[in-house]
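So the chains spell out like this:
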Amino acid sequence: MLEFGLSTQEFRSRYLEQQPYVRKAVLTQPSMQWADFDALLHGLEPDESLVQLFNNGQVPPHVYLEDSFELGRHRRRINKSSFYGLLRQGATLVLNRIENHSVMAKRLCSEIGRFVGHQTTSNAYVSFSGNGTFGKHWDTHDVFAIQLIGKKRWQVFAPTLPLPLSHQTSERSQHTCPSVAALDCVLETGDLLYIPRGWWHQVTPFQQGSLHLSVGVYLPTVNDYLMWVCSRHLPALLDARRGVVDAASLAGLPEVLRTLSQAALAPQNLEDFRQDLATRERLSSEFDMALFLDNAATELRNDVRLMLTSCHRPDRERAELAVNGGRLKLEPVSRAIVSLFGDVMTLTLAELFARLPHYPQPVIRAAVLDLARYEVLTIHR
C-alpha cells in the first residue's frame, strides 16, 4: 500500500531519529473515503478512551457521548447532534488505536512497522475546520503521518530536547518551541510525513474535511538495552546485590560498572536483546473466513500479496526463527519461505514460486496457507 521512495537502509542512515522526511503520493492503492469512515464509526462501541474530541483542550465525553438502554442492555453511543455541532465549531475527532477497528489502518501500521523494523500503533484525526488539536508540541515516539482525505498544513521545528524518553513530554518541560519552522508543508491525500521524536510540530486544518492517520513507532532505546543487560548480568554480582548503607557500600561499584560495560558491548548480548524483542512481539493477522473455512472458495491466486506478521526480520542463521511471539522450528519449505522476508517487505505468491523453483508449487501454496493459519504470514487478498 505504501511506496516509501527509498530503502530501509537509506531511511535509517539519512532520516531515522535525524530529520523529517516528506513523500508525496505514497499510497499505491485508493485511500479511505468518508463512507468508509462512517461505517467504521457505526461499528464502534464508543468510550472516552477510544473516541475523543478536542477543541482548545479535551471536550468532556458526556457532551457528545450518551448512555442508552437497547435490547435489554446498557450501551454508549455518540449523540450525533452534539457530535456534528462540535466538529462544525472546529473540534478535532481522535480515534485511538484505530488499527484495532480498521483493516486499512492495520495494513498501514504493518507496512510501516516492517519498514522501520519496530512495533507501531495508530490514531486517526478528523477535522473540518479549527486551529488543530494540541498546538505546538513534540511526541516521545517517532511519527509517520499519512493523509487519507483532504489536506493539512504541517509545521515542524527543530528539537530542543533531542530524542526524549517516554516521560520527557513537551507539556512537562520548560523548553520553548523555536520561532522558525525547519519544515512547512501541506500534506494532501496520499502524502506521508515522518517526524522523529522530539521535533516540535503544529498541525493546522483547512476549512474542509480532513482525515489523517498518525502512526507511532516505538524504538527500543539504549536506556532500554542497558536495563535489559542489568537485569540479566548484575544479579550474579555480589557487589551489585549489596544494600546501599553508606559510601563504603559502593566500594565495589567500579568492578560492577566494568562488568556492565563489557556485557553491554558484547555483540551476542545485543543480538539476544533483539531476539528477545522479537520473541515478545505478538501481532495479529487479518481474518479470512472464506479462505480457511469455505470449501467452495477458490484457491489462492498467484497475485495475492504476502507479508510477514512481524516487525522484525528473521535471522536465517538460527536454528529457530523468532516470529510473532514465538521461536519456530519450521519444515524446510516453510523456513525457506519465511527466510525470504528478511530481504523484502512483501511478496506475491508468483514471486515465491520464482524464488523457490526447487519446491513444487502445490507444496509452497500449502505451506503459505499453513503459515497464515498460525499467523506467521498475513495474506492480503
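Above this text sits the structure in question.
Description of the structure in this document. What you see is a predicted model; the values in this text were computed from it and never measured.

How each quantity is defined
- Residues numbered from 1 in each chain as written.
- Predicted model: local features only at pLDDT ≥ 70, side-chain atom pairs only at ≥ 80, totals over all residues.
- Heavy atoms only, no water.
- Axes fitted to C-alpha atoms, helices over the stretch in contact; angles between N-to-C directions.
- Helix = DSSP H or I, 4+ residues; strand = E, 2+ residues; numbered from the N terminus.
- Left-handed = near helix turned anticlockwise from the far one by under 90°.
- Contact = heavy atoms within 4.5 Å.
- Expected span 1.5 Å × (residues − 1).
- Buried < 20%, exposed > 50% of the residue type's maximum accessible area, 1.4 Å probe, protein only.
- Arc of directions from axis to C-beta.
- Pairing = 2+ DSSP bridges.
- Parallel < 35°, antiparallel > 145°, perpendicular 65-115°, else oblique.
- Nonpolar A, V, L, I, M, F, W, Y, C, P; charged D, E, K, R; others polar.
- Polar contact = N/O pair within 3.5 Å; in protein donor to acceptor, adjacent residues only side chain to side chain.
- Core = buried A, V, L, I, M, F, W, Y, C linked by side-chain atoms within 4.5 Å.
- Disulfide = S-S within 2.5 Å.

## Remarks on the packing of helix α5 (residues 222-233) against helix α7 (residues 253-265)
At a closest axis distance of 10 Å, the pairing of α5 and α7 adopts a crossing angle of 115°. In this structure, the crossing between α5 and α7 has a hand that is right-handed. Mapping the contact onto sequence places Y225, L226, V229, C230 and H233 in α5 and L260, A263 and A264 in α7.

## Considering helix α12 (residues 361-373)
Compared with the 18 Å implied by 1.5 Å per residue over 13 residues, the 18 Å span of α12 between its first and last C-alpha is a close match. Along α12, the residues that are buried comprise I364, R365, A367, V368, L371 and A372. Looking straight down α12, one finds that the buried residues subtend no more than 165° of arc, so they occupy a single side. Check the buried side of α12 and you find it contacts α9 (289-293), β13 (305-308), α10 (332-340), α11 (349-355) and β17 (377-380).

## Quick word on the sheet that holds β13
The pairing of strands in a sheet comes from backbone hydrogen bonds and takes either a parallel or an antiparallel form. Spatially, the three strands line up as an open sheet ordered β16-β13-β17, and their pairing is antiparallel. The sheet terminates laterally at β16 (346-348) and β17, the two strands that pair on one side only. The sheet shows a mean angle of 30° between the axes of neighbouring strands, direction not considered. With three bridges joining them, β13 and β16 adopt antiparallel strand pairing. Among the inter-strand pairings, R305 is bridged to a residue of β16, identified as T348.

## Overview of the packing of α5 against helix α8 (residues 267-280)
Running from N to C, α5 and α8 cross one another at 105°; their axes reach a closest spacing of 11 Å. Overall, the two elements α5 and α8 adopt an arrangement that is roughly perpendicular. For the pair α5 and α8, contact is made by D224, Y225, W228, R232 and H233 and by N269, L270, D272, F273 and D276, respectively. For the contact of α5 with α8, a count of residues per class yields four nonpolar, two polar and four charged.

## Describing helix α4 (residues 103-116)
Compared with the 20 Å implied by 1.5 Å per residue over 14 residues, the 20 Å span of α4 between its first and last C-alpha is a close match. Among the 14 residues in α4, twelve count as buried, and that is most of the element. Buried within α4 we find M104, A105, K106, R107, L108, C109, E111, I112, G113, R114, F115 and V116. Between a side-chain oxygen at the N-terminus of α4 and the backbone nitrogen of M104 the separation is 3.4 Å; the capping residue is S102.

## Side note on the nonpolar core
Judged by nonpolar contacts, the single largest core of 50 residues is most densely connected at F37, L93, L95 and L148. The biggest single contributor to this core is α4, with seven residues. Setting aside residues up to four positions removed in sequence, L95 forms contacts with F37, L40, L41, L44, L50, V51, S122, N123 and A124.

## Comments concerning the state of the cysteines
Tallied over the entire structure, the rule returns zero disulfides. Between C109, a cysteine without a disulfide, and C311, which holds the nearest cysteine sulfur, the sulfur-to-sulfur distance is 9.3 Å. Residue class for C109 comes out buried when judged on its relative accessible area of 4%. Taking the relative accessible area as the measure of exposure, C311 reaches 5% and is therefore buried.

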